[in-house]
Every structure is written in structure tokens, then in C-alpha cells.
Amino acid sequence: MDPPAAKRSRGCPAGPEERDAGAGAVRGRGRPEALLDLSAKRVAESWAFEQVEERFSRVPEPVQKRIVFWSFPRSEREICMYSSLGYQPPEGEHDARVPFTRGLHLLQSGAVDRVLQVGFHLSGNIREPGGPGEPERLYHVSISFDRCKITSVSCGCDNRDLFYCAHVVALSLYRIRHAHQVELRLPISETLSQMNRDQLQKFVQYLISAHHTEVLPTAQRLADEILLLGSEINLVHGAPDPTAGAGIEDANCWHLDEEQIQEQVKQLLSNGGYYGASQQLRSMFCKVREMLRMRDSNGARMLILMTEQFLQDPRLALWRQQGAGMTDKCRQLWDELGALWVCVILSPHCKPEERTSWLQLLSKWDKLDVCPLEEGNYSFDGPSLQPTAALIPGPEEEEEVMAAGSRHTVFGRALQAGSLHWSDDHLQRILASDSYSPNLTGNGGSDKPTFDPQGRPLWLGEPFPTTCARVDTLRAHGYPRQALRLASAIVNTLRLQQRHQLQIYKQQKKELLQKGSTCITNTEGWVGHPLDPIGCLCRALLEACRLEEETLAIYPDLGLEKRKVAYQHVPVPGSPGESYLAMALEVALLGLGQQRALPEGLYAQDKVVRSEEQLLALLEEVELDERLVQVLRKQAGQLLEGGPFSGFGEVLFRESVPMHTCARYLFTALLPHDPDLAYRLALRAMRLPILETAFPAGEPPSNPLDSIMSNRFPRWFILGHLETRQCELASAMLTAAKGDPKWLHAVLGSIQQNIHSPALLFKLAQDACKTATPASAPPDTTLLGIALELGLQVMRMTLNTMTWRRREMVRWLVSCATEIGPQALMNIMQNWYSLFTPVEAATIVAVTGTTHATLLRLQLDAARREELWNCALPALTLCEKNQAAFEAAYQIVLDAAAGGLGHAHLFTVARYMEHRGLPLRAYKLATLALAQLSIAFNQDSHPAVNDVLWACSLSHSLGRHELSAIVPLIIRSIHCAPMLSDILRRWTLSAPGLGPLGARRAAKPLGADRAPLCQLLDAAVAAYITTSHSRLTHISPRHYSDFIEFLGKARETFLLAPDGHLQFAQFLENLKQTYKGKKKLMLLVRERFG
């Protein structure tokens, strides 16, 4: 295959053609370029100077000078390639890290001087400014070159790096940009040939004198050998000349420090655990690709050196001995190495002997025990691209797939590529022209179609990954137009195959839907494949559409900041209405939406995920216009109708790769344009077949919060990651459906059916609640209800599985129910037994549900609050056997008392506490209840009378201290005189602390006239007086006898005081004077009390 003209990358320094063409154009306006220069250029590029001397017996000196002049490299691009890092250095370190940049600055600052070209040798001095307080440094640089390539370099800076130092760059750029200012001499041997004996002797003696300390021993040794007849030096015709250029047999290639490459790769591999080491190794791979694109033979040389060091990595043997897999970073580097070798072997312009030598090396490496194996069950002889495809593979095909499981190393695909060629006539025609059509040729008796019905070329008969490897190879070797032509033919073939697949599915749709399952139609996926076919195809198509600033950059991969990539529609020649950008989108969706089995092995599965993310990252860089949206809609529709060929089809293979990541991209992209299609596609993609078959309806997972992967699915190493992606898709749909009850309920149904991880369901519930309750807008009640429903499902799933997150889940559920309203909160409390354990119900639920903040948030009336607080005693009863929970429930009741818990509940809980043998806690609750109680003077039949008497009895049994503390509460809360006198008499019957629950702390009963009962006596007397006046204000004759009995009880209380009879007499006299109008009543008083 004849190599076409290389395309110059945007942003690179100009190549020789551009510089020479520009110079010629200038001269063309005055006089044309001399024929001598034109001829010398061609000779200088392709002939060694030795060949020129052998071909012509005498070459005139002017001709020799022009050949020597044009033999130096004319392009800055190669200088840049051999002096740039190939990866983005940290910001602010561009000058310090990139030799080309530093060299350019040295040139522009005038640091280059004393430049001399002697034949094919260039020398000069570079003066580099020193740092603060340091002197200027002088470096002597020497460069040898031949046939427009630098063949060796030497610099006084003793640079030990992969590529040229800044001083070599500065001298090289000076020679390219200021070639006519460089003093030019012929090779030194030509100058010596013009000297006579005296001149030669003087020349040698002056040379030795000038450098006697360095060259004197060598000069003496050479003189001795020349004077010795028969010595080896006298048997050789002529003498070496380092300035005369390379010989005919010498390899013509750019200088590459092989030893330094090996040393650096070895060092980087030893630091393989660090991110920077992996990045630098990748930059070296990029450098290999750059060399291949420049058709530089050093690309393969450098790759060989790197591969040898990779195979000598001591970790390989260690991993093999331990039976452990290599690290992901290392595995990715090996993958890239293998892919590069495929590009090298598939080279369309390499010589047969080169390919043979490479294959021999690969074969030798392939047999090494430490050579890494390719991970994943990908076949090496997979099915070819065909216009038709069977829906279900037959037994023979299955046997072939099984047979492909023999040992395959990372070099296996490169070895297989050795049997491929570029000589196929149809392939050559595809690559050669954009207008290749059936009008120009027939099928030629081929058994496979070569054009689709629209007359566009197809490329059939090879496995799809292999065909895409050809595209990658063409790009890698600098054939961008040919790569695009082949990529277009592959897309045409994929479209034709997709149409045939849909036809086959329609014929067998009814049978497959009845069956409900299918065998896998693609034994190996294209996304995550070792050759990355979809990625290669997409990048080739997108590269043709990329818009970049047409500014001249020092190095294309380096910029002060990363520019946003922009794309434009570029028409496909011969296909009206087509664009490479639309093709790239279509290909990516075909690959991402392909139904395929998950490969074997952790790394292979991880690579599937990583490849998906890389592809989607490429697509997200593309700004969607109406044209691309139409492609999206068409492909989305075909994916939904694709049956077993599509991961979005109605029938799925049990172990097929889920579509969650792809669906999320499609959902987001389609939502503004076609919401119905977006939701249908995303809801279809929510499936995770491996879990659907694992957990039949109604059967809960055994350990739902842990990853089920380790127990039941040892092959699905990335199951946890896939479930997370499923959750992200569901969350995106919930967020987008806010305000749309129809889609919200559809998404909820899909979540409940397909997501089996309680932790992820809980996350979805939290996300939905957060989305439903924005700070600056009213809540979405439908979405809030869905959040609560998901939370309830989590509670039921995890009821019997204790986990550190369970407490968080319970608290959140109560908070979510509070957001919805009191009815939701009451529902979860009434149904607590199906959602919470007794301990959770009594502690977390009760605490969260009855806090002051919750009550304020709910704005409950008294009846609703009472309903909430009815759970206090049941909570304590449930927690009797759990001390911690019991303590928590008790504390809840204490806190609730401050928040308004009624005295009736408090007295009930207090009696329960006494019953459990906790009198002090019962006393505490009784005092809280008394603090809330108020019994008026006429409420001697109040429902709390018995509770009050019980509380008084409890305090009396505990001792004088407790009794003293409760007296003020009794006085403040009870204004009923009979109750006060009853309490007083009860407390005077026995000494405090003598009850069954108390300890003896007093020897005799308390006196009513002494503290602490004296206060209560005064309160009782005052209550009788107040009540008497109150009753007399509106008393009727029929109540006179009751009042006389009331005064009799009052006298009993008055007499408890030392001067009680006097007080009572005074009280009666006061009544008689005040109410003397009530003659009959006063008569009865005199008759009874005198």
C-alpha cells in the first residue's frame, strides 16, 4: 500500500514542506529555486553521502555543499517530537518540564552562538543564564545528522533523559531557522585532502598542542600503529571521518537513547503503584504512536525496548508464584502495549522482513511463563461481520466459542494480525477513493456483498474488532483519510446487519416473548473488548469533526489550560445527508446498546464499565443539535425494538451486561426533546436480570444490606457497581419526573420491582425527599409519598437484619412521615410491628415522633397529641427485658412531660414504675403529673383524685424528704378542701418511710402543726374558708344540710391546729355576721356548733 501524504496535525510546528513551500513562493515572485537546490534536496533526503561519492567519481564542491546544507532536518515537528514529554505537566511547570519550550526560549533570547557546520556535524555553544546569584553557564553541543535525521547528540549538560535536552533543541532550531547564518564547511576529510605534507603536519601538531591533555595519549598510540608495517590500521583503505555522514549500510533513523529508555521504563515500573509513574509510561506509549504517525522507524524500536523491560518486571514472577492478579494500573498498561503491537504488526507500509522480525520477537515473548494472559472470555476467531445473523447460535458455534478458551497472552492478537494483509482488491478500492461505487466495479464473483442497497461500500468477512483494528492502525500510521473511508464502510455494514437482525427478530418475536428468555446472541461484547473496536471507530470519526483553534502551539498536547473540544458536521463523501459526527454517535449507541454477556474475570468486567464511561465521556463532549437528536431518537427506537440483539430489547439473557449507564445518558439527552421515549427507554433499562432470577417474587434476600455478590454470584465481581449505576438511573428519573404523577408512579413501580438493595433504596428515598422539599418552594406531595413508600419498603426488608444504618433509616422515615403530615406519622406508629422492632418503636420512633420540634411541625390539636402519646406505656412494657431500651423509653416520657404529656398518662406510667419496683422513678413521674394538675374547690369528685391520693401515699412511704418536696406541689395544684384534709389526715396516721417500699427514717408520726405538714394544714384551712364563702354566695335551702356537714369536716381540720378551736369559732362568727340575712341557715349553724 503506497503511503499517502501525511496530514499535519493542527497546532504543531510547521513541517519541511510548509517551510520550503513558503520560501519557494517568495522566491517564485522573483526567481525560481535553483535546479541545484531542488536536486540537492532530493539527494540529501534519500542518499547517504557515501553513495553519492561511489556513484560519481568527482562531485564538485558547490554540489557537495548544497547536499550537506540540505541534509540537516528541515522540520521543527520532529525536533518537537524528540524533546517533548507527551503528557500534561503540572500548571506553572511548562518551561521547566518541556525541553522544546526551554530550547525555544533559549533561541529567542540569543543564547546560541559560535555555530559551525562541518560536513554532517553541527556544533555550537549555548549560554544559559544562571539562577539568582549564580554565574552564566556555557554548554557545548554537538549534533551529527544524515538524510534529514539527527543521528547522534552530545551536550555538556550531561542530560540523562529519554529525549533531547533544551540545548540540543536550541541549536537545532537555530540551524533550521537561521540556516544561512551558519558557517558551512565540507567534511573534514575533503579539507585534509587539499593539504600538502607540511600543512598536514602543522595541522596535526597544532591540534595536539591545543588539546594535548585530552588527545596526546591517543595521538601517540595512532602514530605507533601507523609506523608499524602490517598493522591493522595500515590494512584499511582510507580513514574514518565523523563529519562525512553515514555509510550506505548504516541504518538511517533518528537518534534514540536506547539505554536511557530501558533505564527509565525499568524505574517507572518499579514505581508502578504511583499515579505519576503510570502517566509517564502512558506518555511513552503516546510517543510511540506519534512516531508511528510520522512513519518514524523508532516507533517500533522504542516499543521493543519498552516491551523487554515490561517482561523483566520482577513483579510478574511474584504475582505468578502467589497466584495473584496484577494491579489494575499495570493491567491497563499491558493492554495498551498489546494494542500498540497490533498497530505495529498491521502497518500498511512496513517491509516484510521487518514484520517477520517483529513476529519472531512476539512469538518468543508469547511463550514466556511470565507473559500476562488476556483476561476475559473473548474469542480470537469471533464471528465475522455478516449481512445476516442467527438469532440463537447453533451447537457448532457454541463449541467454537468453548474451544477458544486456550491460553491467550496479551500478544496473541498481534500474532494473529500477522496473517492479515492489505492486498484485498475491494479493500484497496475502499481506501483509495471516496467515490468507490458499484458503477466502477462489480462483485467480481465474490460470495459476499460488497455494497449495500444504496450503493455504499461494505467490508465483510472479518470479525468486527479486527476490522476496527485496521481503522486504528491507519490512524496510527498517518493515514487519516483512509481510516475514515474504511470506518464509513464498517458503519454501512453495521447498519445493514442491524436491519437484518430486526427482520429476524420480528419473525421469531412471538415465540421468544412466550419463552420469556433467550440465549446470548453476542458471545463477546464490543465495549470492553481488548481491541476496543467501538472506541477506535468513534475516535476516528470524531477526529474528522473536531474544531480546534488554528493557533501555532509549541506542542499540540500542551496548553496553559485544557480547551473545550468542539465538533462540527463534516459531510461523508458519496453519502448525501450523512456526517461523520452523526456516524460517530450512531456507532457509539450501537456498541453501548449491544446485548452481550458479561465477560469472566474481575479486570475484564471492570474494563467493560471503564470503557462505557470513556465512550459516554466522548459523547458528552458533543453538543447535540437537531440533526443529532434525530439520530438519538432513531437509535433509541431501534434499541427498544431490537429484541435479543439489543440490551434494551424485551427479552434479555440472564447474564447480559446491564444498560443503566447508557440509559442514563440517553434519558438525559432525550428528555427535552421526547420525554415519552426517554422514560420508556430508561424504564426498560432498569432491569438487572441476574438479580431478577436470583430473587423470585416474594422471596427476600438473605442478607440484604451486604453485597450479594460474594455469596451467590462469585462471577459478578462488579455487581455492587452495577447496582449503584441502576440507582443513579432511578434517581435521575425521579428527579426529572417531579410534578408528573404519571411518570413518578411508573418509576416507583420499576424501582420496587428491580432494585433489591435496601441501602440503595434508602438512598433513593432520601434523594426523592430532598428533591420534593426545596427550600424556596412548596413540597411535591406525590414525590414525598414515593419517598415514604420507598422508606417503608426498606424498613420491611431490613426488619430482621440489624445494621449500623438501621437507626439512621428509622429516624429518617419518621422525619419523612412528619413532612407529609400527622396521618402518615400515625400510620407508621399504628403499624409499627411490621416496620420496627419493639426497641426501635419505643426509642427511636417515639423520640422522633414526640419531640417538641415534631409537634410544632405537625401543628397538632390536643386530641391528636393525646393520640400520639398513648404509646408511652406500651413502649415501656415492650422494653421490659432490654435495660438500655427501657431507660431510653423512660427518658422519652420525662421529655414528653415537658412537651405537654397529660397527667393521666404520667400517673399511669408512674403506677407502672411502682409496680416494677421503681418507686423513685414513680415518684418523679408523679411530681411531673401533679405539676400539670389543677383541682378546683368544688371538684372533690375529680377523676385524678385517686391518682393524687396514690401519689401522696407513695411520697409518704418514701420518707420525710420526698414528702416535704411534694407538699408545695399539692398546695399549688389542689384547691379542694376535703381532698387536702384527707391527705393531711393520711400523712398523720403513721410515720413517713414505714411503708412496704420505704425504709424507716422516722420514729413517730408527723404532727400536723409542724413542718412540713403545717403548710398543708394552713392550705386546707384556707381552702375551707374560701370554699365556704363561695358556696354561701349562691346556696339554696335544699343544700343547707350538706353545708352543715361541710362545716363539720372543716371543724375537724381546724382542730388539728393548736389554736384550732379559736380559729373555728372566729370563722363561724364571721359567717354569722356576713350572712345574717340567711336566718334559717344561721339558725342551723347555731344549733350544730353553738
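Residues numbered from 1 in each chain as written. Predicted model: local features only at pLDDT ≥ 70, side-chain atom pairs only at ≥ 80, totals over all residues. Heavy atoms only, no water.

The name an unreviewed UniProt entry gives the protein is SWIM-type domain-containing protein, with Muntiacus muntjak as the organism.

Novice: Mind showing me how you'd approach the overall build of the protein here?
Specialist: Helices and strands together make up the secondary structure of the protein, namely 51 helices and 7 strands. When each of the 1090 residues of the protein is scored for burial, the buried share is 50%. Long-range contacts, defined as pairs at least 24 residues apart, comprise 73% of the intrachain contacts of the protein with a sequence gap of at least 6. Total accessible area on the protein stands at roughly 51,900 Å², and carbon and sulfur atoms take up 53% of it. (Helix = DSSP H or I, 4+ residues; strand = E, 2+ residues; numbered from the N terminus. Buried < 20%, exposed > 50% of the residue type's maximum accessible area, 1.4 Å probe, protein only. Contact = heavy atoms within 4.5 Å. Areas by Shrake-Rupley, 256 points an atom, 1.4 Å probe, with all protein chains shown as cover.)

Novice: Any chance you could explain the layout of surface pockets here in plain terms?
Specialist: Leftover empty space is mapped by rolling, across the atoms, a probe with the size of a water molecule. Roughly 2,000 Å³ of internal volume is contained in the second largest pocket. As for the second largest pocket, its lining consists of 46 residues, and the residues nearest its centre are Ile188, Leu192, Phe203, Leu207 and Pro240. The dominant element in the lining of the second largest pocket, judged by the number of residues it contributes, is helix α10 (residues 197-210), at 8 residues. A per-class count over the lining of the second largest pocket returns 23 nonpolar, 17 polar and 6 charged. Inspection of the lining of the second largest pocket shows a minimum of three residues originating in each of domain 1 (34-187 + 241-255) and domain 2 (199-238). (1 Å grid on protein atoms, 1.4 Å probe; cavity = no way out; pocket = protein on both sides within 12 Å on 5 of 7 lines; lining within 4 Å. Points joined across faces, edges and corners; volume = space filled by probe spheres on them. Nonpolar A, V, L, I, M, F, W, Y, C, P; charged D, E, K, R; others polar. Domains from an automatic or database assignment.)

Novice: For this particular structure, what's the right way to read empty space enclosed by the protein?
Specialist: In total, this model carries 12 cavities of 30 Å³ or more according to the counting rule given. Considered as a void within the structure, the largest cavity measures approximately 240 Å³ in volume. Forming the boundary of the largest cavity are 15 residues, of which Gln498, Gln501, Leu590, Gln594 and Phe645 lie nearest the centre. Taken together, the elements giving at least two residues each to the lining of the largest cavity come down to α23 (480-515) and α27 (626-640). For the lining of the largest cavity, the element with the most residues is α23, which contributes 5 residues. When the residues that make up the lining of the largest cavity are grouped by side-chain class, the tally is 6 nonpolar, 9 polar and no charged.

Novice: I would appreciate a short explanation of the pattern of salt bridges in the present structure.
Specialist: Working definition: two side chains of opposite charge can pair if their charged atoms are close together. Applying the stated rule across the entire model yields 43 salt bridges. The partner of Arg456 in a salt bridge is Glu578, with the nearest N and O atoms 3.3 Å apart. Of this pair, Arg456 sits in the loop between α21 (425-432) and α22 (464-476) while Glu578 sits in the loop between β7 (566-567) and α25 (580-592), placing them 122 residues apart in sequence. As a salt-bridge pair, Arg633 and Asp674 come within 3.1 Å of each other at their nearest N and O atoms. Here Arg633, found in helix α27, pairs with Asp674, found in the loop between α28 (660-670) and α29 (675-685); they are 41 residues apart in sequence, far enough to count as distant. For Arg633, a relative accessible area of 31% puts it in the partly exposed group. Assessed through its relative accessible area of 16%, Asp674 is described here as buried. Via salt bridges that share partners, Asp452, Arg456, Arg495, Glu578 and Glu586 belong to a single interconnected network. (Salt bridge = Lys/Arg side-chain N within 4 Å of Asp/Glu carboxyl O.)

Novice: I keep staring at the packing of helix α47 (residues 977-989) against helix α48 (residues 1013-1033) and nothing clicks. Help me out?
Specialist: Packed helices, taken two at a time, are described by the angle between their axes plus the distance between the axes. Between α47 and α48, the least distance of the axes is 8 Å, while the angle of their chain directions is 155 degrees. In terms of axis orientation, α47 runs roughly antiparallel to α48. The chirality of how α47 crosses α48 is left-handed. Contacts between α47 and α48 involve Ala977, Pro978, Leu980, Ser981, Ile983, Leu984, Trp987 and Thr988 from the former and Leu1013, Leu1016, Leu1017, Ala1019, Ala1020, Ala1023, Tyr1024 and Thr1027 from the latter. For the contact of α47 with α48, the per-class residue count stands at 13 nonpolar, 3 polar and no charged. (Axes fitted to C-alpha atoms, helices over the stretch in contact; angles between N-to-C directions. Parallel < 35°, antiparallel > 145°, perpendicular 65-115°, else oblique. Left-handed = near helix turned anticlockwise from the far one by under 90°.)

Novice: Explain the side chain of Arg470 here, please?
Specialist: Relative to the assigned elements, Arg470 resides in helix α22. One polar contact links the side chain of Arg470 to the main-chain carbonyl oxygen of His421, over a distance of 3.0 Å. For Arg470, the contacting residues outside a window of four places in its chain are Leu346, Leu420, His421, Trp422, Leu427, Trp459, Glu462 and Leu486. (Polar contact = N/O pair within 3.5 Å; in protein donor to acceptor, adjacent residues only side chain to side chain.)

Novice: Would you take a moment to explain the sheet that holds strand β2 (residues 121-128) for this structure?
Specialist: Strand pairing within a sheet occurs via backbone hydrogen bonds; the two strands may be parallel or antiparallel. A sheet is described by the order of its strands in space; here 5 strands give the open sequence β4-β3-β2-β1-β5, paired in mixed fashion. With partners counted over all chains shown, the strands left at the sheet margins are β4 (149-155) and β5 (183-185), one partner each. When strand polarity is set aside, the average angle formed by the axes of neighbouring strands in this sheet is 20 degrees. Where strand β3 (residues 137-146) meets β4, 6 bridges bridge the pair, whose relative direction is antiparallel. Note that in β4 the partner of Ser142 across the bridge is Ser154. (Pairing = 2+ DSSP bridges.)

Novice: Where do I start with the side chain of Thr307 in this structure?
Specialist: Note that Thr307 resides in helix α15 (residues 298-311). Side-chain polar atoms of Thr307 contact the backbone oxygen of Leu303, separated by 2.7 Å. The contacts of Thr307, once residues within four sequence positions are left out, are Leu337, Trp341, Trp365 and Phe411.

Novice: I keep staring at the state of the cysteines and nothing clicks. Help me out?
Specialist: Throughout this description, disulfide means a covalent bond between two cysteine sulfur atoms. If you walk through the whole model with that rule in mind, you get 0 disulfides. Between Cys343, a free cysteine, and Cys536, which holds the nearest cysteine sulfur, the sulfur-to-sulfur gap is 7.2 Å. Among the residues examined, Cys343 registers a relative accessible area of 1% and is labelled buried. (Disulfide = S-S within 2.5 Å.)

Novice: Quick question: what am I supposed to make of the UniProt feature "domain: SWIM-type" (unreviewed entry) in the protein here?
Specialist: Under the present numbering, the feature "domain: SWIM-type" (unreviewed entry) in UniProt falls on residues 139-176. What you have in residues 139-176 is 29% helix and 39% strand, and the ends, taken at the C-alpha atoms, are 20 Å apart. (UniProt positions renumbered as here; feature names shortened; annotations may be inferred.)

Novice: Hey, could you run me through the confidence of the model for the protein in this one?
Specialist: Any region with low pLDDT has predicted coordinates that should not be read closely. Overall, the predicted model of the protein reaches an average pLDDT of 81, with 83% of residues at or above 70. Counted against residues more than four places away or in other chains, residues 2-28, with its pLDDT under 50, gives 53 contacts. Within the model, the stretch residues 388-405 combines pLDDT values under 50 with 16 contacts to residues more than four positions away or in other chains. (pLDDT = per-residue confidence, 0-100.)

Novice: Honestly, the packing of aromatic side chains in this entry has me stumped. Any pointers?
Specialist: Two measures describe an aromatic ring pair: the distance that separates the ring centres and the angle between the ring planes. Counting across every chain of the model gives 20 aromatic pairs. Between Tyr82 and Tyr164, the aromatic rings sit 5.5 Å apart at their centres with planes inclined by 15 degrees, giving stacked as the arrangement. One end of the pair, Tyr82, is in the loop between α5 (76-81) and α6 (94-97); the other, Tyr164, is in the loop between β4 and α8 (166-177), and 82 residues separate them in sequence. As far as burial versus exposure is concerned, Tyr82 and Tyr164 are alike and both buried. Pairing Tyr82 with Trp254 gives two aromatic rings, centres 5.4 Å apart and planes at 15 degrees, and the pair type is stacked. Here Tyr82, found in the loop between α5 and α6, pairs with Trp254, found in the loop between α12 (232-235) and α13 (258-270); they are 172 residues apart in sequence, far enough to count as distant. (Phe/Tyr/Trp six-rings, centres within 6.5 Å; stacked < 30°, edge-to-face > 60°.)

Novice: Looking at this structure, how should I read the pairing of β2?
Specialist: Successive residues of a regular strand alternate their side chains across the two faces of the sheet. For β2, the buried fraction is high: 7 of the 8 residues fall into the buried class. Between strand β1 (residues 112-118) and the antiparallel strand that follows it, β2, lie 2 residues; Gly119 among them carries a positive phi value of about 60 degrees. Here β2 pairs with β3 via 8 bridges, running antiparallel. Bridge assignment links His121 to a residue of β3, and that residue is Ser144.

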